[in-house]
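Remarks on the overall topology
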Amino acid sequence: MYLDYSVFDSFLDGVFVVDKNLNLVYCNEVAANLSGNSYRRLKYNYGKSFTKFIKFENEWFSDKKILANVKEATPYLQLRMLTQDGVPNQVLVSIQRVPRELQGPDHWILTVKDQTVEQILHKKYRRQLKLKEESIRALKDLDFSKDRFMILITHELRTPLSAILGTCDILLNKLYDNEQQRDEFTKAIFEQSTYLLEMANNILDYTKIQAGTMEYFIEHLDIQPTVRNCLSAYEMWAKEEKVILEFKVKPGEKSICYFDIERIAHVLRSVIHNAIKFNKKNGRVTVEISKDEPSKSTLVTIADTGVGIAQEEVCKVFDDFEVGESLNNHQSGTGLSMAISKRIIESLGGRILLSSQVGVGTKVKIYIPNEKVLEDEVYRKPPIKSVGQDFAA
């Protein structure tokens, strides 16, 4: 019973068969392609010297003595097979003697694997594995951040709630000394309640942004009045903190751009709040509006003389739930305010950048488009709110 070499025709690996004199007896089409020969040419030259058509670097397999000690399949050797043009192909080659009961004369089979394809597949596998590992790592980091967020939000809720309950207990039992002290306790309740409402709004805004349900009403307006209003809201607090507020704009020049009044005010309040809260005594917060011609934007710059943020922490400022050791110097509460600000500004078609230096201060730049850069449906006037709608929301 003789082995019919045509069974190798459908093999995915290259197969050569040679006799004891290194003459070519058989090859499949894959082997011919790997050697840079035409399949038809090699078939036509069966019986002729194998090394005339198939060459390896360092003249491997040029001596028929290599076959003498081959009985079973040899381990794969990593070699370079040279094509007719001299181009090397990375291959793995194994030699196996055909059992005597399956053939008449002595024949040897050379199995050739295209290592180039295997390397590509291996790289692709490694790349996919790396992406999966990065995804798993990112999910673990997010899971850790959310756990930390839950601990943080519990603490952030408990502190003002405890203060409110304690102050209410004092008022209910009339444990204050005079009217002035009573007014101070009432003011403390108001401040803590305002803080809780702001924190709840931040969480609600974040969930809306994550779900893609945040609505925008972008109008073509002068942004100066909005910036002035946001600064004015913090004037009294800034005086209490002994921080100077400064507003810079070219006299008589309007700053018309495309923005959502409510959303941009949210961002401005958040940044100005942090700039005052983490400033130094007798420090300064400067808000400046200018034109940025290269980006065709209106630039709102908010600079403070506060404690600043370490360079290695700056890149984390806009991360979700991020309130790290150093970031505590410039962001409080849930760690969502700057993340929300970034999402809002980007949704308006703009950019927000932050630079900082420890001991010198922090500068936030907000770029707001002067031209339409988004879908037409977001450029619209906001609906008229009924009385009490804000409180109901």
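This text follows the structure it describes.
Right, let's walk through the structure included here. Quick caveat, the model's predicted, so the values are computed rather than measured.

1. Concerning the overall build of the chain
Secondary structure summary: the chain contains 11 helices and 13 strands in total. Within the chain, buried positions represent 39% of all 393 residues. Surface accessibility of the chain: about 23,600 Å² in total, with carbon and sulfur atoms responsible for 54%.

2. As for the packing of helix H5 (residues 179-211) against helix H10 (residues 337-347)
For the pair H5 and H10, the least separation of the axes is 10 Å and the interaxial angle reads 40°. Of the possible angle classes, the one that applies to H5 and H10 is oblique. For H5 against H10, the interelement crossing comes out left-handed. Touching Asn202, Asp205, Tyr206, Ile209 and Gln210 of H5 are Ser337, Ile340, Arg343 and Ile344, all from H10. Its residues assigned to classes, the contact of H5 with H10 shows 4 nonpolar, 3 polar and 2 charged.

3. Quick word on the sheet that holds strand S12 (residues 351-357)
An order of S8-S10-S11-S13-S12 is seen for the 5 strands of this open sheet, with the pairing classed as mixed. The open sheet has two free edges, formed respectively by strand S8 (243-248) and S12, since each of these has just one partner strand. Each neighbouring strand pair of the sheet contributes to a mean axis angle of 15°, computed without reference to strand direction. For S12 and strand S13 (residues 361-369), the ladder comprises 7 bridges, and the chain directions are antiparallel. Bridge pairing in S13 places glutamine 357 opposite glycine 361. Lying over the sheet, helix H6 (residues 224-233) contacts S8 and strand S10 (283-292), oriented at roughly 175° with respect to S8. Across the face of the sheet, helix H8 (residues 261-277) comes into contact with S8, S10, strand S11 (297-304), S12 and S13 while running at roughly 25° to S11.

4. Considering the packing of H8 against H10
Two numbers describe how H8 lies on H10: the axes approach to 10 Å, and their chain directions differ by 145°. The handedness of the crossing between H8 and H10 comes out as left-handed. The segment H8 lies against H10, with Arg263, Ile264, His266, Val267, Ser270, Val271 and Asn274 engaging Ser337, Met338, Ile340, Ser341, Ile344 and Ile345. Here the residues of the contact of H8 with H10 are counted per class, giving 7 nonpolar, 5 polar and 1 charged.

5. Some remarks on empty space enclosed by the protein
Applying the stated criterion to the full structure yields 1 cavity of 30 Å³ or more. The volume enclosed by the largest cavity comes to roughly 30 Å³. Lining the largest cavity we find Val249, Glu253, Ser255, Ile289, Ser290, Lys291 and Thr298. When residues of the lining of the largest cavity are assigned to their parent elements, the largest contribution, 3 residues, is made by S10.

6. Section: the packing of aromatic side chains
Going through the model one piece at a time under the given rule, you end up with 7 aromatic pairs. Aromatic side chains tyrosine 5 and tyrosine 26 sit 6.0 Å apart centroid to centroid with 35° between the ring planes, which places their arrangement in the tilted category. Highlighted residues: tyrosine 5 in the segment before strand S1 (14-19) and tyrosine 26 in strand S2 (residues 24-27), separated in sequence by 21 residues. Among the aromatic residues, ring-to-ring pairing joins Tyr5, Phe8, Phe11 and Tyr26 into one connected group. Across from the ring centre of tyrosine 367, 4.3 Å away, lies the NZ or CZ of arginine 351, which sits over that ring. Here the guanidinium or amino end of lysine 372 rests over the ring plane of tyrosine 379, the centre of that ring lying 5.3 Å away.

Conventions used here
Residues numbered from 1 in each chain as written. Predicted model: local features only at pLDDT ≥ 70, side-chain atom pairs only at ≥ 80, totals over all residues. Heavy atoms only, no water. Helix = DSSP H or I, 4+ residues; strand = E, 2+ residues; numbered from the N terminus. Buried < 20%, exposed > 50% of the residue type's maximum accessible area, 1.4 Å probe, protein only. Areas by Shrake-Rupley, 256 points an atom, 1.4 Å probe, with all protein chains shown as cover. Axes fitted to C-alpha atoms, helices over the stretch in contact; angles between N-to-C directions. Parallel < 35°, antiparallel > 145°, perpendicular 65-115°, else oblique. Left-handed = near helix turned anticlockwise from the far one by under 90°. Contact = heavy atoms within 4.5 Å. Nonpolar A, V, L, I, M, F, W, Y, C, P; charged D, E, K, R; others polar. Pairing = 2+ DSSP bridges. 1 Å grid on protein atoms, 1.4 Å probe; cavity = no way out; pocket = protein on both sides within 12 Å on 5 of 7 lines; lining within 4 Å. Points joined across faces, edges and corners; volume = space filled by probe spheres on them. Phe/Tyr/Trp six-rings, centres within 6.5 Å; stacked < 30°, edge-to-face > 60°. Lys NZ or Arg CZ within 6 Å of the ring centre and 35° of its normal.

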